[in-house]
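Breakdown of the fold
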Amino acid sequence: MNQEDELTYQGKGTPQWRGDSLYRDTLPDYESPKLYYASNDLADAVNAAIFLKQPLLITGAPGAGKTQLAHSIAWEFGLPLHIFNTKMNSNEIGRASCR
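These remarks concern the structure in this document. In this text the structure is predicted, and so the values were computed from the model without any measurement.

Let us now look at the overall build of the chain. When helices and strands are tallied, the chain shows four helices and zero strands. Along the chain, helices (α) and strands (β) appear in the sequence α-α-α-α when read from the amino end. Counting over 99 residues, the chain shows a buried share of 24%. For the chain, the proportion of contacts with a sequence separation of at least 24, taken over those separated by at least 6, is 69%. Split by element, the accessible area of the chain, about 7700 Å² in all, is 55% carbon and sulfur.

Turning next to the side chain of E76. Tracing the backbone shows E76 in helix α3 (residues 66-77). Buried E76, no salt bridge; nearest opposite-charge side chain is K12, N-O distance 8.7 Å. From its side chain, E76 meets the backbone nitrogen of Q10 in a polar contact 2.6 Å long. Within the structure, the side chain of E76 is placed 3.0 Å from the backbone nitrogen of G11, a separation counted as a polar contact. Apart from residues no more than four positions distant in its own chain, E76 is found in contact with T8, Y9, Q10, G11, K12, G13, T14, P15, Q16 and W17.

Within the fold, V46 resides in helix α2 (residues 40-52). A residue is classified by how much of its surface remains accessible, and V46, at 4% relative accessible area, is buried. On a C-alpha basis, the gap between V46 and I58 in space is 9.9 Å, while along the polypeptide they are twelve residues apart. If we ignore the near neighbours within four places in the chain, the residues touching V46 are Y9, L56, L69 and I73.

About the cut-offs
- Here the residue index of a chain counts from 1 through its sequence in written order.
- Totals for whole chains, interfaces and linings use every residue, but because this is a predicted model, local features are given only for residues with pLDDT of at least 70 and side-chain atom pairs only at 80 or more, for both listing and counting.
- The basis for every side-chain value is the complete set of non-hydrogen atoms in the structure, without hydrogens or water.
- A helix here means a DSSP run of H or I that spans at least four residues, while a strand means a run of E at least two residues long, and both kinds are numbered starting from the N terminus.
- Type-normalised accessible area, obtained with a 1.4 Å probe on protein chains alone, sets the label of each residue: buried when under 20%, exposed when over 50%, and partly exposed for intermediate values.
- Contacts are assigned to residue pairs that have any heavy atoms within 4.5 Å of one another.
- Computed with a 1.4 Å probe, the accessible areas rest on the Shrake-Rupley method; for each residue, only the protein chains presented here act as cover.
- Asp and Glu count as negative and Lys and Arg as positive, but His and the ends of the chain are not part of the count.
- By definition here, a salt bridge exists when the distance from a side-chain nitrogen of Lys or Arg to a carboxyl oxygen of Asp or Glu is within 4 Å.
- Think of a polar contact as two N or O atoms within 3.5 Å of one another; within protein, one of them needs to be a possible hydrogen donor and the other a possible acceptor, and neighboring residues in sequence only count if both atoms come from side chains.

Okay, structure coming up:
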């Protein structure tokens, strides 16, 4: 594996890290990042963000796989993952913009 390959997300459940991983798997076995397979388009979007050194905003309905993708990326690269759950509804948006 050359240096360029080390920063390429495959999304096929194969770790790319060597040595000790900083990722701590807290998911049940059926949600393991080892079982997650990203589409080619999604892997390309992740790799574009890595190449451009820019964040990648993932949106979607609950259960669409946003958090599972984050686990997959962290696991594949052996990186720590920090999850911050937030919630804002339309009422809060309206109140914030009226002040």
